[in-house]
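Observations on chain architecture
So you can see what is in the structure, the chains are spelled out below.
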Amino acid sequence: MLEIIVLPLLTMVTCKETRAAIIALHKNGFTGKDIVATKIAPKSTIYRFIKNFKERGSILVKKASGRPRKSSKCQDRLLKRIQLRDRSATSAELAQEWQQAGVSASARTVRRRLLEDGLVSRRAAKKPLLSKKKKNIRDRLIFCRKYSEWTAEDWGKVIFSDEAPFRLFGASGKRLVRRRKGERYHQSCVMPTVKHPDTIHVWGCFSSKGVGSLTILPKNTAMNKEWYQNTLQQQLLPTTQQQFGEEQCIFQHDGAPCHKAKVITKWLGDQNVEILGPWPGNSPDLNPIENLWSILKRRVDKQKPTNSDKLQEVIMKEWVAISQDLAQKLIESMPSRIAEVLKKKGQHCKY
């Protein structure tokens, strides 16, 4: 009868199933010696399973307690408070401060405790400084309250504009690479740099209808009111005519000195160009064209231009390749941007 019961059990391969088979034979009256003869498991394993079953009345393995924690829940909460007090403190510094509170733990233990609370080390986000006197914050709140009722359709009538720099050799952004040991200086894992990379400045605009004109500032030419007026004349007006025709649209630009010059204000008024604003200072998170610049720079960097002429060519090529769907998606984010700034009482939002 032992052979009849055991034959199907011999095909079992998992530890859990093997344990269940041994206990089943034990319950059917077979001795440990009989079960060992089946060679279903090593002798010591069989006797250990039977002993544990007799002691606990269950085939489940008791979960090991593991190594005792070095800190209590109260001490873990203290560590969290220390970290939130100084977000830039390293795990080694936190371990040293924690030790002063009576917890002897390594930097690795500190990282594990913080990870349990969802606190992970990341590069700090770079955002413009909002003035300590809260002028920037006040202006941001005034702007957002003014346009808080606007829908995505309303924002679809706005043309956003800005200037941006582009640099050679991927200097416009850091690039991560995956490499094996010994490949640190492999050609494919190195980002070439130069001491004084060529920089090209551009002016561009876009709306929910797609990208508009893009113009490149001549080398060694300063962005001044004369150049800006010429740009508006030759780039903005054709874009508004092409995208909106006779339909009324609104123009956005920031508070750069050349944008606010009297001659520019007068010219815009003479052209019946309605202005969005007043635009709050240090608020790139409210301007979706900043996201468009980031996307464009990543695309340009992937082309790896090696000289200024090639860089200009790639910028223009990638600009016209930006889809209308992407432009519209960025414009449609404006209600969310406004709402988040209001929710955060004028502080930076995630965009």
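Keep in mind that what you see is a predicted model, and the values were worked out from it rather than measured.

**Some thoughts on the packing of helix α5 (residues 73-85) against helix α7 (residues 107-116)**
- The N-to-C vectors of α5 and α7 enclose an angle of 90°; their axes lie 10 Å apart at closest approach. One element, α5, and the other, α7, form an angle in the roughly perpendicular class. Taking contact as the criterion, the partners of Asp 76, Leu 79 and Gln 83 in α5 are, on α7, Val 110, Arg 113 and Leu 114.
- Within the contact of α5 with α7, the residues separate by chemical class into three nonpolar, one polar and two charged.

**Here's the deal with unusual backbone geometry**
- In this structure, the amide linkage connecting Gly 277 to the following residue, Pro 278, adopts the cis form with an omega of 10°.
- As for its position among the elements, Pro 278 is in the loop between β5 (274-275) and α12 (289-303).
- A positive phi angle is found at Asn 272, which is not glycine, with a value near 60°.
- Positive phi, close to 55°, is recorded for Asn 282, a residue that is not glycine.
- Inspection of the secondary structure puts Asn 282 in the loop between β5 and α12.

**Observations regarding a positive patch on the surface**
- On the surface, a cluster of positive charge is contributed by Arg 67, Lys 70, Arg 108, Arg 111 and Arg 112.
- Under the relative-accessibility criterion, Arg 112 is labelled partly exposed at 41%.

**Let's talk about the sheet that holds strand β3 (residues 210-216)**
- Reading across the sheet, the five strands line up as β3-β2-β1-β4-β5 and stay open at both edges, with mixed pairing between neighbours. Every other strand in the sheet has two partners, leaving β3 and β5 as the edge strands with one partner each.
- For strand β4 (residues 250-252) and β5, the ladder comprises two bridges, and the chain directions are parallel. Paired with Phe 251 across the two strands is Ile 275, which belongs to β5.
- This element, helix α13 (residues 308-320), spans β1 (158-167), β2 (199-207) and β3 of the sheet and lies at about 165° to β3.
- Set on the sheet, helix α14 (residues 324-331) makes contact with β1, β2 and β3; between it and β2 the angle comes to about 80°.

**Quick look at α13**
- For α13, with 13 residues, the first-to-last C-alpha span of 19 Å sits near the 18 Å given by 1.5 Å per residue.
- Along α13, the residues classified as buried are Ser 308, Leu 311, Val 314, Ile 315, Glu 318 and Trp 319. End-on view of α13: buried residues confined to an arc of 130°, all on one side of the axis. Turned more than 90 degrees away from the buried face of α13, the exposed residues are Asp 309, Lys 317 and Val 320.
- Lining the buried residues of α13 we find β1, β2, β3 and α12.
- Residue Asn 307 occupies the N-cap position of α13, its side-chain oxygen lying 3.2 Å from the main-chain nitrogen of Asp 309.

**Remarks on the pairing of β1**
- With seven of its ten residues buried, β1 lies for the most part within the structure.
- In this structure, β1 lies alongside β4, joined through three bridges in parallel fashion. If you follow Val 158 over to β4, its bridge partner there is Ile 250.

**Observations regarding the pattern of salt bridges**
- In total, this model carries ten salt bridges according to the counting rule given.
- With a shortest N-O distance of 4.0 Å, Asp 117 and Lys 80 are connected by a salt bridge. One end of the pair, Asp 117, is in the loop between α7 and α8 (135-146); the other, Lys 80, is in helix α5, with 37 residues separating them in the sequence.
- Of the charged contacts in the structure, one is a salt bridge between Glu 313 and Lys 310, with a shortest N-O distance of 3.7 Å. Of this pair, Glu 313 and Lys 310 are both found in helix α13, three residues apart, which corresponds to roughly one turn of the helix.
- You can call Glu 313 partly exposed: its relative accessible area is 49%.
- Given the relative accessible area of 36%, Lys 310 is considered partly exposed.
- Beyond isolated ion pairs, a larger network of salt bridges with shared partners links Arg 69, Asp 76, Arg 113 and Glu 116.

Criteria and cut-off values
Residues numbered from 1 in each chain as written. Predicted model: local features only at pLDDT ≥ 70, side-chain atom pairs only at ≥ 80, totals over all residues. Heavy atoms only, no water. Axes fitted to C-alpha atoms, helices over the stretch in contact; angles between N-to-C directions. Helix = DSSP H or I, 4+ residues; strand = E, 2+ residues; numbered from the N terminus. Parallel < 35°, antiparallel > 145°, perpendicular 65-115°, else oblique. Contact = heavy atoms within 4.5 Å. Nonpolar A, V, L, I, M, F, W, Y, C, P; charged D, E, K, R; others polar. Patch = residues over 30% accessible without salt bridge, like charges linked within 9 Å, V, L, I, M, F, W, Y side chains within 5 Å. Areas by Shrake-Rupley, 256 points an atom, 1.4 Å probe, with all protein chains shown as cover. Salt bridge = Lys/Arg side-chain N within 4 Å of Asp/Glu carboxyl O. Lys, Arg positive; Asp, Glu negative; His and termini not counted. Charge placed at Lys NZ, Arg CZ, Asp CG, Glu CD. Buried < 20%, exposed > 50% of the residue type's maximum accessible area, 1.4 Å probe, protein only. Pairing = 2+ DSSP bridges. Expected span 1.5 Å × (residues − 1). Arc of directions from axis to C-beta. Polar contact = N/O pair within 3.5 Å; in protein donor to acceptor, adjacent residues only side chain to side chain.

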